[in-house]
Amino acid sequence: MSLLPRFAIGLAALTATAPLLAGNIECDIESPYSLDLRGEGIAFSSKDSSPGHVRLDRGRLYIDGREVALSDKDRRTIHSIEDEVRGISAEAVVIASDGIDIAFDALSEVSRALIENSERQTEVIRSMEKTRAIVQTQIRDAVLNRPFDERAFEALVEAQIETMAGELVKVVVGEFVPRAIAAALTGDEATIKNIEARAERLEAEIEEKIEAKAREIERRAEKLCPRVRTLVELESTLALRLEDGSRLNLIEN
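Caption draft 1: Structural context of empty space enclosed by the protein. Scanning all chains against the criterion turns up one cavity of 30 Å³ or more. Here the largest cavity defines a volume of roughly 60 Å³. Lining the largest cavity are Ile102, Asp105, Ala106, Glu109, Ile206, Lys209, Ile210 and Lys213. Elements with a contribution of two residues or more to the lining of the largest cavity: helix 3 (72–114) and helix 6 (189–222). When grouped by side-chain class, the residues that make up the lining of the largest cavity number four nonpolar, no polar and four charged.

Structure follows, in structure tokens:
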């Protein structure tokens, strides 16, 4: 039977979306600083750059703990940068959360299709919902409640999706494969064909749902790139100069 290969293809489709669902869209923008949205204002910190710590707080600018005098125009620009950073970060959380929802929805579809015992089905889905809530909290915390590390954030989302893919395998192996094997051993061709047909339908439905929703998430993630580039443009308009005469360079392309 080609049952397991079919599910392997479906599983591959799920795990292959992980970088996309993590919002891993290349904008050709880099920063040597880590971002911290906790507390008042937003902070940029780096052990390898100078200045080492920059904080923006409602139009005010602090460099290495000292407030810097700004022109009215620069003050408005700093305020705009802060607002845009917060807006982009909030949207990144929503995009990543929606990506996780896609994976959970796929698992729920598999569970409903494969688990015939209604009590067992309810138990598995409830367990998934609890896990979903935990993962969503981890994603929000990774962006909003600690210094933001892009690589760590992407690794977190990808790891969670891979974990959910592992749960999918458990459901398939535990609930579906035994019935297929039993049918094969007894020569029950009708049951075998029915199982294969269900497997084909389920794979097609899940792939279709994942791909359509993933493409929509990709479009939303791509819209963040112009907003990030706006930050670079805003920063370039600052008349402010550091003590050595250089420009403030928190974000660069």
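Caption draft 2: View of helix 7 (residues 224–236). With 13 residues, helix 7 ought to run about 18 Å at 1.5 Å a step, and its terminal C-alpha atoms sit 19 Å apart, in line with that. Residues Leu224, Cys225, Val228, Leu231, Val232 and Glu235 constitute the buried set of helix 7. Burial along helix 7 is one-sided: seen end-on, the buried residues are contained in an arc of 110°.

Caption draft 3: Looking closely at the sheet that holds strand 5 (residues 66–68). Strand order in the open sheet formed by five strands is 1-2-3-4-5, and the pairing between neighbours is antiparallel. Among the strands making up the open sheet, the edge pair consists of strand 1 (34–36) and strand 5. Strand-to-strand twist across the sheet, computed as the mean angle between neighbouring axes with direction ignored, equals 25°. Across four bridges, the pairing between strand 2 (residues 42–45) and strand 3 (residues 53–57) is antiparallel. Pairing of Ile42 across the sheet is with Leu56, part of strand 3.

Scoring rules and cut-offs
Residues numbered from 1 in each chain as written. Predicted model: local features only at pLDDT ≥ 70, side-chain atom pairs only at ≥ 80, totals over all residues. Heavy atoms only, no water. 1 Å grid on protein atoms, 1.4 Å probe; cavity = no way out; pocket = protein on both sides within 12 Å on 5 of 7 lines; lining within 4 Å. Points joined across faces, edges and corners; volume = space filled by probe spheres on them. Helix = DSSP H or I, 4+ residues; strand = E, 2+ residues; numbered from the N terminus. Nonpolar A, V, L, I, M, F, W, Y, C, P; charged D, E, K, R; others polar. Expected span 1.5 Å × (residues − 1). Buried < 20%, exposed > 50% of the residue type's maximum accessible area, 1.4 Å probe, protein only. Arc of directions from axis to C-beta. Pairing = 2+ DSSP bridges. Axes fitted to C-alpha atoms, helices over the stretch in contact; angles between N-to-C directions.

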